[in-house]
Amino acid sequence: MKTPKRQKTAGEKLPSPALNGVLYVVATPLGNLADASPRVIETLSQVDAILCEDTRRTRALLAGLGIAPPALERFDAHLEQRAAEAVVGRLLAGASLALVSDAGTPGVSDPGARLAGLAWEAGVRVVPIAGPSAVTAAISASGWTGSGFSFFGFLPRSSRERREEFTRFLSSVHSPSIGVWFESPERVERALEDLAESVPLMSVVAFKELSKVHERAFRGTAQEVLFAAREAEAVDAKVWSGEWVLVLSSHAARDSAQNSAGSSDAWALALECCLEAGIQPSSAAKIVSQKFAVSKNEVYQLALERSGKKNLPGG
């Protein structure tokens, strides 16, 4: 197989053609097929075989992308350790293989890291085909700022261990301020309860089924997220279903504690944004009071203060 082409940037020397086979680590769509890049489609169309967690899911993905499937071979967490050496042997013999997970980027909580490591050690060229990742997608949309982040994989199964992990993350001043965890639909509600009870001021964004049809996102303290999700459950019985990504901010939690921030901060900020956009105080008060279920009179009084207007009778 020919190595898929890529454009040369100014001043860049492309690597010489590999003497042995190539392992392509291919990121696939989390849910929306439109997220597959032309390079992903080209690579999956040309390799000798595709290593995947579930051949049925990968076959459906290829059909959705209009790719005539090459050989599909199961390569999941149960097979990874004993199958990796055999795969590397095939690569050394000249095979070009693609590694995919069920969704997202292989090796990020999904199988693949051991195979890539063995391939490197054996002198095989390993090429990442960049694309979707639930971790970076969630961080980019969280709105949290910080000097770095830590990805912890799936949360522990026991309530005690989850609480210890949340407390440790908040109290560790040397770790990045943003933490990312995956959680299953069966345990996510209880995990948020543990978060609310162990570190009540911790700020979290909970993403459900990123890029899929039933995608949802909730932001606030864990208690606020629980309340919003349970309210949504009244009209959507499957609100807890699907895979979840939790993005926590220890800096936001500390700032909240230091400033004794209350729930009014959110609506006050929204009001400020409305006024900055040139919306009249009365209209801004109506928008904010409806969105945050706050007294319209209270919001209007603050709107008048922020806009520098006096509360004249009938005003």
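Coordinates for the structure precede this section.
Just so we're clear, the structure is a prediction, and the values are computed from it rather than from any experiment.

Asker: Summarise the packing of helix α6 (residues 159–171) against helix α7 (residues 188–198); cite the residues concerned and give the values.
Answerer: For any two helices packed against each other, one specifies the inter-axial angle together with the distance between the axes. One way to put it is that α6 packs onto α7 with a least axis distance of 9 Å and a crossing angle of 50°. By the angle class used here, α6 and α7 are oblique. The interaxial crossing formed by α6 with α7 has right-handed handedness. Across the interface between the two elements, Ser159, Arg162, Arg163, Phe166 and Thr167 from α6 touch Arg190, Ala191, Asp194, Leu195, Glu197 and Ser198 from α7.

Asker: Run through helix α5 (residues 134–142), naming residues and quoting values.
Answerer: When we look at burial in α5, the residues that qualify are Ala134, Val135, Ala138, Ile139 and Ser142. Along the axis of α5, the buried residues cluster in a sector spanning 125°; they form a single face. Next to the buried residues of α5 lie β6 (149–154), β7 (178–183), β8 (203–208), β9 (216–221) and β10 (244–249).

Asker: Go over the pattern of salt bridges with me, naming the residues and quoting the values.
Answerer: Two side chains bearing opposite charge may form a pair once their charged atoms approach each other closely. Counting across every chain of the model gives 16 salt bridges. For Arg162, the salt bridge is made with Asp194, and the minimal N-O distance between the two is 2.8 Å. With a gap of 32 residues between them, Arg162 in helix α6 and Asp194 in helix α7 connect regions that are remote in the sequence. When its relative accessible area of 3% is taken as the criterion, Arg162 is described as buried. Taking the shortest distance from any N to any O, the salt bridge between Arg190 and Glu193 comes out at 2.7 Å. Placement of the pair is Arg190 and Glu193 together in helix α7, with a separation of three residues, close to one helical turn. Bridged by salt links that share partners, the residues Arg162, Arg163, Glu189, Arg190, Glu193, Asp194, Glu197 and Arg230 form one connected network.

Asker: Give me the lowdown on the packing of aromatic side chains, citing residues and values where you can.
Answerer: If you walk through the whole model with that rule in mind, you get eight aromatic pairs. Measuring from centroid to centroid gives 4.5 Å for Phe152 and Trp181, while their planes differ by 15°, and the two rings are stacked. One end of the pair, Phe152, is in strand β6; the other, Trp181, is in strand β7, with 29 residues separating them in the sequence. Since its relative accessible area comes to 0%, Trp181 is described here as buried. Taking the centre distance of 5.4 Å and the plane angle of 90° together, the rings of Phe169 and Trp181 count as edge-to-face. With Phe169 in helix α6 and Trp181 in strand β7, this residue pair connects regions lying twelve residues apart in the sequence. Residue Phe169 is classed as buried on the basis of its relative accessible area, which comes to 4%. Following the ring pairs from residue to residue traces out a cluster consisting of Phe152, Phe166, Phe169 and Trp181. One residue, Arg219, lies across the ring of Trp144, its end atom 3.8 Å from the ring centre.

Cut-offs and rules
Starting afresh in each chain, residues are numbered from 1 along the sequence in its written order. Only residues with pLDDT of 70 or above have their local features reported here, since the model is predicted, and side-chain atom pairs are shown and tallied only from 80 upward, although totals for entire chains, interfaces and linings are computed over all residues. With hydrogens and water set aside, each side-chain value is computed from the structure's full complement of heavy atoms. Here the axes come from fitting lines to C-alpha atoms, over the contacting stretch only for helices, and the angles between their N-to-C directions go from 0 to 180 degrees. Only runs of H or I of at least four residues qualify as helices and only runs of E of at least two qualify as strands under DSSP, and these elements are numbered from the N terminus. Any angle between 65 and 115 degrees counts as roughly perpendicular, while under 35 counts as roughly parallel, over 145 as roughly antiparallel, and the rest as oblique. By definition, any crossing whose near helix is turned counterclockwise from its far helix by less than a right angle is left-handed, and any crossing with a clockwise turn is right-handed. Here, residues are in contact when the closest pair of their heavy atoms is within 4.5 Å. For every residue, the accessible area obtained with a 1.4 Å probe (protein chains only) is divided by the maximum for its type, and the residue is called buried under 20%, exposed over 50%, and partly exposed between those limits. Working definition: the arc comes from the directions between the helix axis and the C-beta atoms, pointing outward to the latter. By convention in these notes, a salt bridge is any Lys or Arg side-chain nitrogen within 4 Å of a carboxyl oxygen on Asp or Glu. What counts as a ring pair is set by centres within 6.5 Å for rings of Phe, Tyr and Trp (its six-membered ring), and what kind of pair is set by the plane angle: stacked under 30 degrees, edge-to-face over 60, tilted for all other angles. A ring has a charge above it when a Lys NZ or an Arg CZ is no more than 6 Å from the ring centre and no more than 35 degrees off the ring normal.

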